[in-house]
Amino acid sequence: MATVSARLGLRDMFMDGVRPVRELLPRLYLNGQTAEIDGADLKHKELNDLVREAAFKGARKIVLRNIYGQRYIGTRLYLPTRVEIEVHSHPGNDLGAFLNGHRITVYGNAQDGVGNTMDDGEIVVHGRAGDIVAMSMRGGKIFIRDNVGYRTAIHMKEYTGKVPVLVIGGTAQDFFGEYMAGGIVILLGLGLGEHERHRAHYIGTGMHGGVIYLRGRVEPYQLGKEVGVLDLDENDWQIVRWYVDEYAAHFGTDADRILAGKFQKLLPVSRRPYGKIYAY
Amino acid sequence: MYSYLLPEFTVVRREDRCIRCRVCERQCAEGVHHWDKGLDRMFSAEEKCVGCQRCVVFCPTGALYVRPHPSEYRPNYNWTRERFQDLKRQAETGGVILTGSGNDKPFRVYWDHLVLNASQVTNPSIDPLREPMELRTFLGRKPDTLELEVEDDRVSIKSEVHPNVVIETPIAFSAMSYGAISYQAFKSLAMAAKEFGTLFNTGEGGLPRDMRAEYGPHAIVQCASGRFGVDPEYLNCAAAVEIKIGQGAKPGIGGHLPGEKVSNSIARTRMIPEGTDALSPAPQHDIYSIEDLSMLIYALKEATNYEKPVSVKIAAVHNVAAIASGIVRAGADIVAIDGLRGGTGAAPKIIRDNVGIPIELALAAVDRRLREEGIRHKCSILVAGGFRCSADVLKAIALGADAVYIGSAALVAMGCTLCQKCYTGRCAWGICTQDPYLSKRINPEIASQRLVNLLRGWSHEIKEMLGGMGINAIESVRGNRDHLRGVGLEDWELEVLGVKGAGE
């Protein structure tokens, strides 16, 4: 069938040649509550089938080795139990998309869509991440050690005390915090030189909820017209200190050195940025 | 600023019939009617009237008429009354003109230029009252080949089969979100879908938690650009998941649910703070290409353990056939197409009336393209956009649709009169409003019965028409253009539709 499909230009990049999970079981090493999966040459569905299988067999910690670009790690775990996943080294797009409360640690770089529409849980990336990190995220925490790509934190949202948190060690590209409707985003700018400004333009454009804490230099022309800049008050410092401590604990850096930097708070000027453009 | 607008409607009250019961005053959501105590007379502020006919229906003595206002500008083919009014309104506000429901402009309605066939002599017609007639429809990807294994008297399917959803009639309710419509109207659709064995579509407003267990199995849940109300439970409780790319009434643009409509309960369902604008961005920001679409399709399949068909809804636009082909190749199990006349709760009028193509042409083009490429079986086609009666539905199926979404028709069944003021949030019929005084006018027990009656009536009519053709299963008429003929159409139109002219 695959040959016929290829001839007709119908190669299915996700499903062609996917092997049933029973054939792949030898790649799953289960030792009590810890499982290890060798991801070499596995398609994303095969890998996630095995992860699910491991969770069903009672694993609470799942270590994934030889991961090179497999997508949706953690997505298929709509289960009542919570697991911890360790990824070595480079997961593919949509890591932890729709994540249902699990914990994922990546020892390497992540690609686009980390925590896409994530519901709850925690993602820690010991490296950098690509575009749209935390897109439409509505709960849980994400820590990225280094830089992130474009449109990070786009349309993050919060409700009734469920507040997502995103902490980025490095800097971000354009449209950072676009359309943000809720949540806490902390951008630390650790890789920047002393007088170097952040690179992103259109920061917080269309933002109508949530808060961005930004460490380091940023010029007014880099900000979207929907955000205002404020100094941190005591409550803000408490929040920032809390999550910077957590960041420092994850990545073994010095929290005090980070906190000694200059922080600014970006808030939306209106909860209804486009309320006045219509004729009723 | 003094308004130069002419009233849209005039309210005529027959004083000899009016008994001053003040029903009209209570029913009107716009404050048109009012009673003067001293004079014991009813007066009308007709410039506020939107022509929804609520007062006329509820006047116990039949004393009221509401008609288009008789005053007219000097007749002018180019400068119509509507152009005048919109222009003046914009001069007064500087805003984008909003509207509701579907395109009302005189674009050709192709359904009215297509006629169905019936059997005479050479093929017996069938009487659906006494013979079995199959309307059951399966939505989802079908296998490339069907291999069976026969063991003694047991037959099992060897081919890999994909998840399909069964509906008892080829009609489902279009996406209408809780927020755009009232909870009562939303629940009525859900109840009717459950009772009749079809599907309703949550739109992108989420599905209230208390409805998930009971109505989830009858819901298509949407995952749209705003990702409102999307959590793992929402995706997993549903019959199918739909990625909304576009909508026929407003192709290419997003949506704004204004903050004043985001009440506590809507905020909880959409999972956003109360009183903030619910902004749906124009694109999905994780989809800039067919490959990205594929990524979201499989993200949703992963999130639902490959147990549910994934639909992709697009607006009918110029290259719809090529786009649909890409969608199928991206892994979608259902392609939903919404045409030029598709409805909306709020859209800029300039977009609603000028962007997109008629669903009839889009459907015919998509069906043909997918057949030519040998991938028609890989998806079901759901079409939407101003379906008014069962004949429209059957003609759509003959043009290649698997099933039809009805939105406006369902709202009309619940009381809507297409006054196009949905965006004001003051629907006197209790449909497109979050005002508890207005929304309680819809009793889900009764409104769902109206919807079930509609589905029953249409289904029966479809069976009658099928019987007349000598066909006893809706499957046999799907994409069967031999049963259609065009009347009064140009050659190019017949060509796109793939239909012969009448008499040929």
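These numbers were taken from a predicted model, which means no experiment stands behind them. (Residues numbered from 1 in each chain as written. Chains lettered and ligands numbered in written order. Predicted model: local features only at pLDDT ≥ 70, side-chain atom pairs only at ≥ 80, totals over all residues.)

Here we look at the packing of helix α12 (residues 390–398) of chain B against helix α15 (residues 444–469) of chain B
Residues and elements named next belong to chain B.
Phase 1 of the analysis: Running from N to C, α12 and α15 cross one another at 55 degrees; their axes reach a closest spacing of 9 Å. Considering the angle they form, α12 stands oblique to α15. Judged by the sense of rotation from one axis to the other, the crossing of α12 with α15 is right-handed. For the pair α12 and α15, contact is made by S390, A391, V393 and L394 and by W458, E461, I462 and M465, respectively. (Axes fitted to C-alpha atoms, helices over the stretch in contact; angles between N-to-C directions. Helix = DSSP H or I, 4+ residues; strand = E, 2+ residues; numbered from the N terminus. Parallel < 35°, antiparallel > 145°, perpendicular 65-115°, else oblique. Left-handed = near helix turned anticlockwise from the far one by under 90°. Contact = placed C-beta atoms within 7 Å.)

What to know about the pairing of strand β14 (residues 240–244) of chain B
One face of the sheet, then the other: side chains in a regular strand alternate in exactly this way.
Residue and element names in this part refer to chain B.
Phase 1 of the analysis: In terms of residue burial, β14 counts as a mostly covered element, since 5 of its 5 residues are buried.
Phase 2 of the analysis: Strand direction decides the pairing type here: β14 and strand β17 (residues 310–315), joined by 4 bridges, are parallel. Bridge pairing in β17 places I243 opposite V312. (Buried ≥ 20, exposed ≤ 12 C-beta atoms within 10 Å, placed from the backbone. Pairing = 2+ DSSP bridges.)

Observations concerning the sheet that holds strand β23 (residues 500–501) of chain B
Residue and element names in this part refer to chain B.
Phase 1 of the analysis: Spatially, β6-β22-β23 is the arrangement adopted by the 3 strands of the open sheet, whose pairing is mixed. A single partner strand is all that each edge strand has here, and the edge strands are β6 (114–116) and β23.
Phase 2 of the analysis: Bridging between β6 and strand β22 (residues 484–486) involves 3 bridges; their strand directions are antiparallel. Residue pairing for β22: V115 is matched across the bridge by R485.
Phase 3 of the analysis: Packed onto the sheet, α12 meets β6 and β22 and runs at close to 90 degrees relative to β6.

Observations regarding helix α3 (residues 81–93) of chain B
Phase 1 of the analysis: The terminal C-alpha atoms of α3(B) lie 18 Å apart, and with 13 residues this matches the ideal 18 Å at 1.5 Å per residue to within 8%.
Phase 2 of the analysis: A positive backbone phi angle near 70 degrees is found at G94(B), which sits one or two residues after α3(B). (Expected span 1.5 Å × (residues − 1).)

Topic: the interface of chain B and chain A
Phase 1 of the analysis: Residue-level contacts link 41 residues of chain B with 45 residues of chain A.
Phase 2 of the analysis: Where the side of chain B that touches chain A is concerned, the elements lending two or more residues are α3, β5 (96–99), α6 (232–236), α7 (264–270) and α8 (290–303) of chain B.
Phase 3 of the analysis: Of all the elements, α8(B) adds the most residues to the side of chain B that touches chain A, at 5 residues.
Phase 4 of the analysis: Of the residues contributing to the side of chain B that touches chain A, the split by class is 18 nonpolar, 14 polar and 9 charged.
Phase 5 of the analysis: Both strand β13 (residues 278–279) of chain A and β5(B) contribute to a ladder of 2 bridges, which runs parallel. Note that in β5(B) the partner of A279(A) across the bridge is I97(B). (Nonpolar A, V, L, I, M, F, W, Y, C, P; charged D, E, K, R; others polar.)

As for the pairing of strand β1 (residues 28–31) of chain A
All names here are of chain A.
Phase 1 of the analysis: Here β1 runs beside strand β2 (residues 34–38); their pairing, made up of 4 bridges, is antiparallel. For Y29, the partnering residue across the bridge sits in β2 and is E36.
Phase 2 of the analysis: Linking β1 back to β2 in an antiparallel pair, the connection comprises 2 residues, with G32 at a positive phi of about 65 degrees.

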